[in-house]
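# Per-entry structural report
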Amino acid sequence: MRRVAVLGGGPAGLAAAQAALALGAEVTLVDEGAGLGGQFWRHHDTITDPRLTHGRARFDRLRGALEQATVHTGASVWSADVAASVTLRAFAGSADGPSRRSLAIEADAVVVATGAHDLALPVPGWTLPGVTTAGAAQALAKRDGVTVGRRTIVSGSGPFLLPVAQSLALTGSQVVGVHEASTVRALAAGWLPRPWQLAGKAGELVEYVAALARHRIPYRPGSAVVRVLGESRVEAAVVASLDAAWRPIPGTEREIVCDAVALGHGFTPRLEAALSLGCAIVGEHGARFVAVDDEQRTSNPLVFAAGEVTGIGGADAALAEGAIAGFLAAGGSIDDSRLRGPLAVRRRMRAFAARLERAHGIRQGWTDWLDDDTVVCRCEGVAKQAIEQSSHAPMRAMKLASRAGLGPCQGRTCGHAVEEIMAQAGGRPSGFDRRPILAPIRLGELAGQSGD
Amino acid sequence: MIRITVDDERFEGRDGQTIAGVLIGAGRIAWRTAQTGERGVFCGIGVCHDCLVTVNGLSGVRACQRAASDGDVIEREVRA
Ligand SMILES: Cc1cc2nc3c(=O)[nH]c(=O)nc-3n(C[C@H](O)[C@H](O)[C@H](O)COP(=O)(O)OP(=O)(O)OC[C@H]3O[C@@H](n4cnc5c(N)ncnc54)[C@H](O)[C@@H]3O)c2cc1C
Ligand code: FES
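Here is a short report on the structure shown in this document. Within each chain, residue numbers correspond to sequence positions counted from 1 in written order. As a convention, the first chain written is A and the first ligand written is 1, with the rest following in written order. The predicted origin of the model limits local features to residues at a pLDDT of at least 70 and limits the giving and counting of side-chain atom pairs to 80 or more, whereas totals for whole chains, interfaces and linings rest on all residues. Each side-chain value is derived from all of the structure's non-hydrogen atoms; neither hydrogens nor water enter the calculation.

## Description of the overall build of chain A
- Helix and strand labels come from DSSP, where a helix needs a run of H or I of at least four residues and a strand needs a run of E of at least two; each type is numbered from the N terminus. In terms of helices and strands, chain A carries 13 helices and 22 strands.
- Our radius of gyration looks at C-alpha atoms and nothing else; its globule reference is 2.2 Å times the residue count to the power 0.38. Its C-alpha radius of gyration of 22 Å places chain A within 12% of the 22 Å reference for a compact globule of 452 residues.
- For the C-alpha atoms alone, the extent of chain A along its principal axes is close to 65 × 50 × 40 Å.
- Only protein chains enter the accessibility calculation, which uses a 1.4 Å probe; a residue is then buried when its area is under 20% of its type maximum, exposed when over 50%, and partly exposed in between. Here chain A, with 452 residues, has 58% of them falling under the buried criterion.
- Within chain A, counting contacts between residues at least 6 apart in sequence, those at least 24 apart form 66% of the total.
- By element, 52% of the accessible surface of chain A is carried by carbon and sulfur atoms, the whole surface being about 17800 Å².
- Counting rule for charge: Lys and Arg are taken as positive, Asp and Glu as negative, and neither His nor the chain ends is counted. Taken as the charge location is NZ of Lys, CZ of Arg, CG of Asp or CD of Glu. Where the 47 positive side-chain charges of chain A centre and where its 44 negative ones centre are 4 Å apart. Only heavy atoms enter the contact rule, under which two residues are in contact if any of them lie within 4.5 Å. Each accessible area is a Shrake-Rupley estimate made with a 1.4 Å probe; only the visible protein chains count as cover when residues are assessed.

Dropping the structure here:
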């Protein structure tokens, strides 16, 4: 029987597992979250407000199908290898706990569905307590039923800001405003042509817009939080109008009292597993994704990839890609009529993703809102100036000289900003995201692995 | 309901919440001292490591990932 491993239990991974099971494969799914669902279906069985979960019936069906599979939750995969077969190694147990179990999963093929995390651009004052990513605001509202502040400003770009504002409002924070960096003109150019491509997503978006109206939340395109103020926590934020390149327009600054700021300028794929499996990556600095063909196959024939690791297109795209990847990983054929549905959705959602990028993609002028001493690398406290000063050095030397990206998050948070600052200073950033170990593990756990 | 202590202060939370969820629910949004000041949650999904705490003597635990257990004793981590 063909063994298929699925790395990630979000929409893409769940759909992959279901499709592989449907073809009779022996499926093992691993996810580091305490529960299944990934970012889209993040929930806790008793705490989560059901109004914050979309497409719950689909999730329940996918989870139900997994009865035939081996499922490891709370299991962080820290190493992934491929030769004649695939080997994933994980530690399972309470997060960062002392006595986690070691797992080794062998398979004939693997589907990498590790998703993405928020991309939040730095702003002066963004290290103050009370500033979180938009995704964190969403995760805390959904998973823990809490909000960081009583008055929150949401700032960044993309349609994801809308569900975040809705969740904050339903969880009890007043949302003072949603500041979308892209100008009305960019939004119109991205969204108005071919509205039928929005099918599926449109209903959800209309619901969020209605929620903004119901909670009287202003939506302000062409503006952003450009500075966060406070002594030991957020006390206010400065909002400015932006030009088409996202440069703040002098004289438009306004101070707004708030106690929380949620920042989200898009998403960045979690490429660690794909990189260590040797998969080819496409794209420029700042927007690098796992390269896949029409069969969701990566540059290694035993490795498939699906969902946000291959491009940012939302949960529907992730579900469709996952279904295709799982089906092919289990030995199915792309011509099989059962794939007609997912293939059509994928086509539509790829067009959607291209429009998302066109309307909301990060423009380079944002670096104008940084000061020389603005902290860019949060872990090591590295300022913009220090990154500029070593911009011409090769990546490794730049990291060692400035210490940017050498802290515990290994550049996951600052990577995009560091690369952009280096590029604007005339440097040539490359491969900021190469990390030998995929997930944080303790040295003692690693030591316990030697000899097997 | 669960009870935990953080730097000798008591907090009550709902069963199933993360440590970060319990603290934020109680109005506490910072619990780690970094080079550049106080920190709490930033990414909320285990990626940024801004939320690290010591739990029952074990350091380097991500408060946004670890479910709080009744009786947990939590200490602040300080980075000079
Ligand atoms: C914090 C956050 C909140 C979001 N909330 C929403 C929302 O409410 N609505 C919406 O439309 N979109 C939301 N998104 C966008 C979302 O990413 C996609 O729409 C969708 O979830 C993508 O599905 P996916 O399967 O590709 O990835 P994900 O859902 O991200 O799933 C990837 C899974 O892989 C697991 N994983 C990654 N690395 C490892 C490893 N080394 N070991 C073990 N497991 C691993 C993760 O735990 C995760 O569960 C959110 C994104 C983020 C970052
Ligand atoms: S807040 Fe980022 S790891 Fe916990």
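From this point, the narrative continues.
## A look at the interface of chain B and chain A
- Each partner contributes residues to the interface: chain B has 31 residues there, and chain A has 42 residues.
- Two parts placed together each lose some accessible area; with a 1.4 Å probe, that loss summed over both constitutes the buried area. Of the roughly 3100 Å² buried between chain B and chain A on both sides combined, carbon and sulfur atoms contribute 56%.
- Interface area lost by chain B to chain A is led by B:Ile29, B:Phe42 and B:Ile45, which between them contribute 22%.
- Salt bridge, as used here, is a side-chain nitrogen of Lys or Arg placed within 4 Å of a carboxyl oxygen of Asp or Glu. Inspection of the chain B/chain A interface yields three salt bridges.
- One salt bridge in this structure joins A:Arg378 and B:Asp50, with 2.7 Å as the shortest N-O distance.
- Definition of a polar contact: a pair of N or O atoms within 3.5 Å, with one able to donate and the other able to accept a hydrogen when the atoms are protein atoms, and with sequence-neighbouring residues admitted only if both atoms are side-chain atoms. Our count for the contact surface shared by chain B and chain A stands at eleven residue pairs in polar contact (both at pLDDT 80 or more).

## Some details on the site of ligand 1
- Taken together, 34 residues lie near ligand 1, and A:Ala12, A:Asp31, A:Gln138, A:Lys142 and A:Glu308 sit nearest.
- Consider each residue's heavy atoms; a residue with any of them within 4 Å of a molecule or strand counts as near. Near ligand 1, residues from chains A and B are present, making the site a shared one.
- At 3.3 Å, a backbone N or O of A:Pro11 approaches an oxygen atom of ligand 1.
- Here A:Ala315 contributes a backbone N or O atom positioned 3.2 Å from an oxygen atom of ligand 1.
- The protein chains hide 95% of the 970 Å² of surface that ligand 1 would expose on its own.
- Broken down by class, the residue content of the shell around ligand 1 amounts to 13 nonpolar, 14 polar and seven charged. Each residue receives one of three labels: charged for Asp, Glu, Lys and Arg, nonpolar for Ala, Val, Leu, Ile, Met, Phe, Trp, Tyr, Cys and Pro, and polar for the others, Gly being one of them.

## Some points on the sheet that holds strand E1 (residues 3–7) of chain A
Residues and elements named next belong to chain A.
- Two strands pair under a simple rule: DSSP has to find at least two bridges between them. The five strands lie next to each other as E3-E2-E1-E7-E20, forming an open sheet whose pairing is parallel. Sheet topology places strand E3 (70–72) and strand E20 (303–305) at the edges, where each strand pairs with a single neighbour. Strand-to-strand twist of the sheet, defined as the mean angle between neighbouring strand axes without regard to direction, takes the value 15°.
- Sheet topology note: the strand E2 (residues 26–30)/E3 ladder contains three bridges and is parallel. In the strand pairing of E3, Val-30 is matched with His-72. Axes here refer to lines fitted to C-alpha atoms; in helices the fit is confined to the stretch in contact. Angles between the N-to-C directions go from 0 to 180 degrees.

## Observations regarding empty space enclosed by the protein
Residue and element names in this part refer to chain A.
- Of the grid points, spaced at 1 Å and generated over the protein atoms alone, those admitting a 1.4 Å probe that cannot get out make up cavities, while open sets with protein on both sides within 12 Å along at least five of seven lines make up pockets; any residue with an atom within 4 Å of a point is treated as lining. Grid points are joined across faces, edges and corners, and a volume is the space filled by probe spheres set on the points. A full pass over the atoms with the stated rule returns seven cavities of 30 Å³ or more.
- As a volume, the largest cavity reaches approximately 280 Å³.
- As for the largest cavity, its lining consists of 21 residues, and the residues nearest its centre are Thr-268, Pro-269, Gly-415, His-416 and Asp-433.
- Secondary-structure elements contributing two or more residues to the lining of the largest cavity are strand E8 (116–118), strand E17 (267–269) and helix H12 (415–424).
- A total of three residues in the lining of the largest cavity trace back to one element, the largest contributor, which is H12.
- Partitioned by chemical class, the residues of the lining of the largest cavity number six nonpolar, seven polar and eight charged.

## A few points about the packing of helix H1 (residues 11–22) of chain A against helix H2 (residues 56–65) of chain A
Residue and element names in this part refer to chain A.
- Two numbers describe how H1 lies on H2: the axes approach to 9 Å, and their chain directions differ by 50°. When the interaxial angle is binned, H1 and H2 end up oblique. Both H1 and H2 take part in a crossing whose hand is left-handed. Counting all contacts with H1, which are made through Leu-14, Ala-15, Gln-18 and Leu-21, the residues of H2 involved are Phe-59, Leu-62 and Ala-65.
- Counted by class, the contact of H1 with H2 contains six nonpolar, one polar and no charged residues. Roughly parallel here means an angle under 35 degrees, roughly antiparallel means over 145, roughly perpendicular means 65 to 115, and every remaining angle is called oblique. Left-handed describes a crossing whose near helix is turned anticlockwise from the far helix by less than a right angle; the clockwise case is right-handed.

## Structural notes on the packing of aromatic side chains
Residue and element names in this part refer to chain A.
- Only Phe, Tyr and Trp rings are paired, with Trp represented by its six-membered ring, and only when their centres lie within 6.5 Å; those with planes under 30 degrees apart are stacked, over 60 edge-to-face, the remainder tilted. Throughout the structure, instances matching the rule amount to six aromatic pairs over all chains.
- Ring centres 5.0 Å apart and planes at 55° place the aromatic pair Phe-160 and Phe-267 in the tilted group. One end of the pair, Phe-160, is in the loop between strand E10 (151–156) and helix H4 (161–171); the other, Phe-267, is in strand E17, with 107 residues separating them in the sequence.
- Since its relative accessible area comes to 24%, Phe-160 is described here as partly exposed.

## Some words on the pattern of salt bridges
All names here are of chain A.
- Within this structure, the stated rule accounts for 23 salt bridges over all chains.
- A salt bridge links Asp-60 to Arg-56, with the shortest nitrogen-to-oxygen separation between them at 3.2 Å. With a gap of four residues between them, Asp-60 and Arg-56 both fall in helix H2, about one helical turn apart.
- Owing to a relative accessible area of 35%, Asp-60 belongs among the partly exposed residues under this scheme.
- Between Arg-227 and Asp-371 there is a salt bridge, with its nearest N and O atoms 3.1 Å apart. Of this pair, Arg-227 sits in strand E13 (residues 223–229) while Asp-371 sits in the loop between helix H9 (340–360) and strand E21 (375–377), and the two are 144 residues apart along the sequence.

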